[in-house]
Amino acid sequence: MFIETEATPNPDTLKFLPGRAVLETGTANFASPEGADASPLAEAMFRLDGVAGVFLGYDFITITKATETEWEDVKPNVLAGLMQFFSSGAPVLTHPSSNGEDLAVDEDEADADITSQIKTLLDEKIRPAVAGDGGDIIYRGFKEGVVYLQLQGACSGCPSSTITLKHGIENLLKYYVPEVVDVRAID
């Protein structure tokens, strides 16, 4: 098995491409070992020294290293761990991860059409680009003109995430959905 790696805009995060599907649908974000029980792959990665976060996408795994470690120390162990995991035939997920898909903001039912437009734009125009950088953006709600999003994977903690959020995503949403006045990241 040959696993490629790609840099991401976040210097603490690398994208690993195993050359096969990782998750058939959706994404799964594991910000700590405590929440990784849904994924034997995430659990295996957290057992490695220096791994601080694991994000699973369709055909990639994004690993965030602890800030006090260097990639030259972490990357070889991650590559070996990924090869060992995929060779074992173990399932990537043992039960579905909710990925926190529940809304963080109580929405007004009158905004259902606006919400639908926002979700469509996120799915069709924004999420594919963000996935290319090893991350994801999860919709958390729309209230009083404000769209609430959660950044995951390489996007979480990325130095350029504020620029992406404000100048990329916000401008696009405002252009297509005039009711949008602001976009905010939430944890």
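Scroll up to find the structure this text is about.
From a predicted model like this one, the values you see are computed outputs, not experimental measurements.

Caption draft 1: Local environment of helix 2 (residues 71–88). Here helix 2 spans 25 Å end to end across 18 residues, near enough to the 26 Å set by a 1.5 Å rise per residue. Among the residues of helix 2, those classed as buried are Trp71, Val74, Val78, Leu79, Gly81, Leu82, Phe85 and Phe86. Considering only its buried residues, helix 2 is in contact with strand 1 (4–7), strand 2 (13–17), helix 1 (40–46), strand 4 (51–56) and strand 5 (61–65). Note on helix 2: the residue one or two positions beyond its end, Gly89, has a positive phi of about 80°.

Caption draft 2: The arrangement of the pairing of strand 5 in detail. Judged by how many residues are buried, strand 5 sits mostly within the fold: 5 of 5 residues are covered. By the alternation rule, side chains of strand 5 split into Ile61, Ile63 and Lys65 and Thr62 and Thr64, which are all buried. One ladder, built from 4 bridges, connects strand 2 with strand 5; its direction is antiparallel. When the sheet's bridge partners are listed, Phe16 is paired in strand 5 with Ile61.

Caption draft 3: Representation of the pattern of salt bridges. For the structure on display, the rule yields 6 salt bridges. The salt bridge partner of Arg127 is Asp123, with a shortest N-O separation of 3.2 Å. With Arg127 and Asp123 both in helix 3 (residues 112–132) and 4 residues apart, this pair spans about one turn of that helix. The salt bridge involving Glu170 is made with Lys174; its shortest N-O contact spans 3.2 Å. Pair noted here: Glu170 and Lys174 are both in helix 4 (residues 161–176), with a separation of 4 residues, about one helical turn. Given the relative accessible area of 9%, Glu170 is considered buried. With relative accessibility at 33%, the residue Lys174 sits in the partly exposed group.

Caption draft 4: The pairing of strand 2, seen in detail. In terms of residue burial, strand 2 counts as a mostly covered element, since 5 of its 5 residues are buried. Burial along strand 2 is two-sided: Thr13, Lys15 and Leu17 facing one way and Leu14 and Phe16 facing the other are all buried. Relative to strand 2, strand 1 runs antiparallel, the two sharing 4 bridges. Counterpart to Glu6 in the pairing with strand 2 is Lys15. As consecutive antiparallel partners, strand 1 and strand 2 are separated by 5 residues.

Definitions and limits used
- Residues numbered from 1 in each chain as written.
- Predicted model: local features only at pLDDT ≥ 70, side-chain atom pairs only at ≥ 80, totals over all residues.
- Heavy atoms only, no water.
- Helix = DSSP H or I, 4+ residues; strand = E, 2+ residues; numbered from the N terminus.
- Expected span 1.5 Å × (residues − 1).
- Buried < 20%, exposed > 50% of the residue type's maximum accessible area, 1.4 Å probe, protein only.
- Contact = heavy atoms within 4.5 Å.
- Pairing = 2+ DSSP bridges.
- Salt bridge = Lys/Arg side-chain N within 4 Å of Asp/Glu carboxyl O.

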